[in-house]
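One letter stands for each residue in the lines below.
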Number of protein chains: 2
Amino acid sequence: MTVVGIIAEFNPFHNGHLYLLQQIKKKFPQATIVVVMSGNFLERGEPACIDKWIRTKQAMLAGVDLVVELPVAYCIQPADRFAWGAIKILNELKIDYLCFGAEHAQFDFSQMAQKVAGIHGNFQKFNESYAAAYQRVVTEKVGHPVDQPNDLLGLAYAKACQQLAAKIQLVPIQRVAAAYHDQDLNPRQKIASATAIRKAWQQADQQVSNYLPPGSWRIIEEQKPLTWDDFWPWLRYRIFSSTPLQLKTVYDVAEGLEYRLQQQLLGLPMTASFDDWIKAVKTKRYTYTHLSRVAVSILLQLKQTEVERQFKQPYLRPLGFNARGQQVLHQLKKQTTWPVIVKVGQEEVKKIIEVDYRAGKVYELASHRPQDLKRSPMIIN
Amino acid sequence: MTVVGIIAEFNPFHNGHLYLLQQIKKKFPQATIVVVMSGNFLERGEPACIDKWIRTKQAMLAGVDLVVELPVAYCIQPADRFAWGAIKILNELKIDYLCFGAEHAQFDFSQMAQKVAGIHGNFQKFNESYAAAYQRVVTEKVGHPVDQPNDLLGLAYAKACQQLAAKIQLVPIQRVAAAYHDQDLNPRQKIASATAIRKAWQQADQQVSNYLPPGSWRIIEEQKPLTWDDFWPWLRYRIFSSTPLQLKTVYDVAEGLEYRLQQQLLGLPMTASFDDWIKAVKTKRYTYTHLSRVAVSILLQLKQTEVERQFKQPYLRPLGFNARGQQVLHQLKKQTTWPVIVKVGQEEVKKIIEVDYRAGKVYELASHRPQDLKRSPMIIN
């Protein structure tokens, strides 16, 4: 059995993702396709536009055999930690290949990873973001710029594979058409960025359906995509009803940020949005994305100790599978020492997925659909 | 200058309150009338139906000369502590008389207070509420039942006066017509309970205007009364996004209640209301009202230390006054060592009214009107 892994958010599942699956099926016609997918909060520090169950269904309708949830403590991290968490799970699932879209599929990601292996955290200056400083050093080491979002993610995957000594072969797939940050739909193409799709969907632009597989669109067309605006009332309440000391207990809130987060909010009018607030807090050092991740941590009351625990005590939570995916799970259960969470009961909540359960309850405030308790994986054949 | 004090919530100001003022003016035609009024959260553990500024205006239009805010840490307490806080403020304001409505104005409240002076806290059984146990002991000591809400409050005022050695003469005024807990309007009378008025107002019952002075009604008729339902989304979020350990840091959450509050919530459907939740948590020991007060403390993140600080470091915050009321304030400023907060700036927020400021910000979530920062007392002549 050949097993191919993907790391994804599917926010929402669109033609670009379908294209990636098609390329995989061309290269590995017999392979089982396994996805590690972020739950309801995502890498750029934002809520998913639709819940993890619907996104799982979209992926499976498009040919994915098994979807496993990436725990929230990994989801809302910068690329390196996000990649580390996802690769750790895929490695436990014993995938043979990791396929990922890249702006430059010709790059030798493993080799690049070796060249930058020595780079570690603390080269950040106070007037420069981590991302900017990191890219500067990578360019020096690699010999050419690596500055496209998917290339950078690919590099992060390659680094994680090396750190974890994972026997996973990297298969970059050339991305086509849309750039990651494209804001608008391009009517001459069938592939658009998730950003452009969400924006058009938010505005009820009928064109949006052209950019998703029909099956994917059908199960979400009646819904409105969730955004930070939907969670802002709770975040706002949490920030001004907490003391700076309480805010400081949240993951990644430090160095006086606890005061700045609150003071900037109190200085804004009551009609201010999430975006207004982040822009008011933003500095050269604290980027929009970094602060958005902090905002998720505050919303979910994620603590340093909880993040550490999730990094030390991983678990596997399948969200959906078909007969082929089930085989991978059967194989897994014979080998792994990790807990495999199939149905979520009170015991699982208390002992294993407390943080993800809390994230689900918060997500339910806006999605109005139960996320975890008593839910079993979707079986779609 | 004769100064008469009242302790009130005015939730909202109605004909019963007007009747009390009229009786006072009959007895003390030249007196200045000073009110200590709860802010935006009230004694029975609920948000005020309209904000403190509107209620202040209502009271002043009806003849009150000075309204001083009762800090929130006193507001949401059982009768004895509520009374203690209010009397402490009125005593600092050097009132001569305290007038209050009573079901039995013929009771000698000062004498009753002496008889029950020895009763202290911890006679509570696990299957009995504090209120029930207290009334049982009071009946024994006094020789007859004291079981009507306003009589009990009067007794609490009398006890507080004795504890604080306040030179305040108590003037009970016979209540007429409505009982405190009446749920419905009685079309044959002009006075109804605040409970019945809020209920009718909530249901947009046109009759409600008959039970308020015209001036009081005019300034609120365009509004909807706020209830717990308006704050429930935030409370609910706070409860399930906190660990039991975090809940336990809140004032009056102890003895395992932190688990019960959360567990009962998680067992309810997502459509459950505040009322459903309280009823699910309720036991013989933890009454509806006690739990409602705990709910306010959780919503506002009120801590034990903050309550203690408010009890130890009192302050005076006028919300409104006329020329006569201003004389009382002038007199006060010459004598008091307490801070008198007129305009609220960042310094006052940080050093003195941090908790009330937070309560105001939370109240604004539903009232959408700024409550504290940069607000000065209303001057109505």
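Because the structure is predicted, anything quoted here is derived from the model rather than measured.

Chemist: Help me out: how do you make sense of unusual backbone geometry in this one?
Modeler: Most peptide bonds are trans, and most residues other than glycine sit at a negative phi. Residue and element names in this part refer to chain A. For the peptide bond that leads from asparagine 11 to proline 12, omega is -5°, which places it in the cis range. Locating proline 12 in the fold gives a position in the loop between strand S1 (3–8) and helix H1 (15–27). Its identity as a non-glycine residue notwithstanding, alanine 165 has a phi of 45°, on the positive side. Position of alanine 165 among the secondary structure elements: in the loop between helix H7 (149–163) and strand S7 (169–174). Unusually for a residue other than glycine, histidine 368 sits at a positive phi of about 60°. Mapping histidine 368 onto the fold places it in the loop between helix H18 (354–367) and strand S9 (378–379).

Chemist: I tried to follow helix H6 (residues 130–142) of chain B on my own but got confused; where do I start?
Modeler: One turn of an α-helix holds 3.6 residues; hence residues three or four places apart share an orientation. All names here are of chain B. With 13 residues, H6 ought to run about 18 Å at 1.5 Å a step, and its terminal C-alpha atoms sit 18 Å apart, in line with that. When H6 is considered as a whole, its buried residues turn out to be Ala133, Tyr134, Val137, Val138 and Val142. When H6 is viewed along its axis, its buried side chains cluster within an angular range of 150° and face the same direction. The elements touched by buried residues of H6 are helix H4 (79–92), helix H5 (109–115) and helix H7 (149–163). Two residues or fewer past H6, glycine 143 is found with a positive phi of approximately 100°.

Chemist: Which parts of the structure should I look at to understand the pattern of salt bridges?
Modeler: Two side chains with opposite charge may pair up if their charged atoms get near one another. Residue and element names in this part refer to chain A. The final tally for this structure, using the stated rule, is 30 salt bridges over all chains. Here glutamate 347 and lysine 351 are joined by a salt bridge, their closest N and O atoms 2.9 Å apart. Placement of both glutamate 347 and lysine 351 in helix H17 (residues 346–351) is noted, with a separation of four residues, approximately one turn of the helix. Looking at glutamate 347, the relative accessible area reads 42%, which means it is partly exposed. Each of Lys52, Glu69, Arg317 and Asp372 takes part in a single network of salt bridges with overlapping partners.

Chemist: Is there a simple way to explain the interface of chain A and chain B in this structure?
Modeler: A common measure of how large an interface is: the accessible area buried when the components associate. With 29 residues of chain A at the contact, the number on the chain B side is 29 residues. Here chain A packs against chain B, burying approximately 2500 Å² in sum over the two surfaces, 59% of which is carbon and sulfur. At the surface where chain A touches chain B, the tally comes to zero salt bridges. At the boundary of chain A and chain B, one finds 10 residue pairs in polar contact (both at pLDDT 80 or more). Of the residues forming the side of chain A that touches chain B, the biggest block, seven residues, is contributed by H18(A). A class-by-class count of the residues in the side of chain A that touches chain B yields 12 nonpolar, eight polar and nine charged.

Chemist: I tried to follow the relation of the copies chain A and chain B on my own but got confused; where do I start?
Modeler: These two copies of the chain differ by a rotation about an axis and a displacement along the same axis. Relative to chain B, chain A is turned by 180° and slid 0.0 Å along the rotation axis, the superposed coordinates differing by an RMSD of 0.0 Å. Accordingly, the operation relating the two chain copies is best matched by a two-fold axis. Taking C-alpha positions as reference, the residue of chain A nearest the rotation axis is A:Trp234, located at 3.2 Å. Most of the interface of chain A is mirrored in chain B: 100% of its interface residues are interface residues there too.

Chemist: In this structure, what is going on with the packing of helix H10 (residues 228–240) of chain B against helix H12 (residues 257–266) of chain B? I would like to understand it.
Modeler: All names here are of chain B. H12 packs onto H10 with a crossing angle of 115° between their chain directions and a minimal axis gap of 9 Å. What the angle tells us is that H10 and H12 run roughly perpendicular. Two packed elements cross with a definite hand, and for H10 against H12 that hand is left-handed. From H10, Trp232, Arg236, Ile239 and Phe240 reach across to H12, where they touch Leu261, Gln262, Leu265 and Leu266. Of the residues that constitute the contact of H10 with H12, the class distribution is six nonpolar, one polar and one charged.

Procedures and definitions
- Residues numbered from 1 in each chain as written.
- Chains lettered and ligands numbered in written order.
- Predicted model: local features only at pLDDT ≥ 70, side-chain atom pairs only at ≥ 80, totals over all residues.
- Heavy atoms only, no water.
- Helix = DSSP H or I, 4+ residues; strand = E, 2+ residues; numbered from the N terminus.
- Expected span 1.5 Å × (residues − 1).
- Buried < 20%, exposed > 50% of the residue type's maximum accessible area, 1.4 Å probe, protein only.
- Arc of directions from axis to C-beta.
- Contact = heavy atoms within 4.5 Å.
- Salt bridge = Lys/Arg side-chain N within 4 Å of Asp/Glu carboxyl O.
- Buried area = accessible area lost by both parts, 1.4 Å probe.
- Polar contact = N/O pair within 3.5 Å; in protein donor to acceptor, adjacent residues only side chain to side chain.
- Nonpolar A, V, L, I, M, F, W, Y, C, P; charged D, E, K, R; others polar.
- Least-squares fit on C-alpha atoms with pLDDT ≥ 70 in both.
- Axes fitted to C-alpha atoms, helices over the stretch in contact; angles between N-to-C directions.
- Parallel < 35°, antiparallel > 145°, perpendicular 65-115°, else oblique.
- Left-handed = near helix turned anticlockwise from the far one by under 90°.

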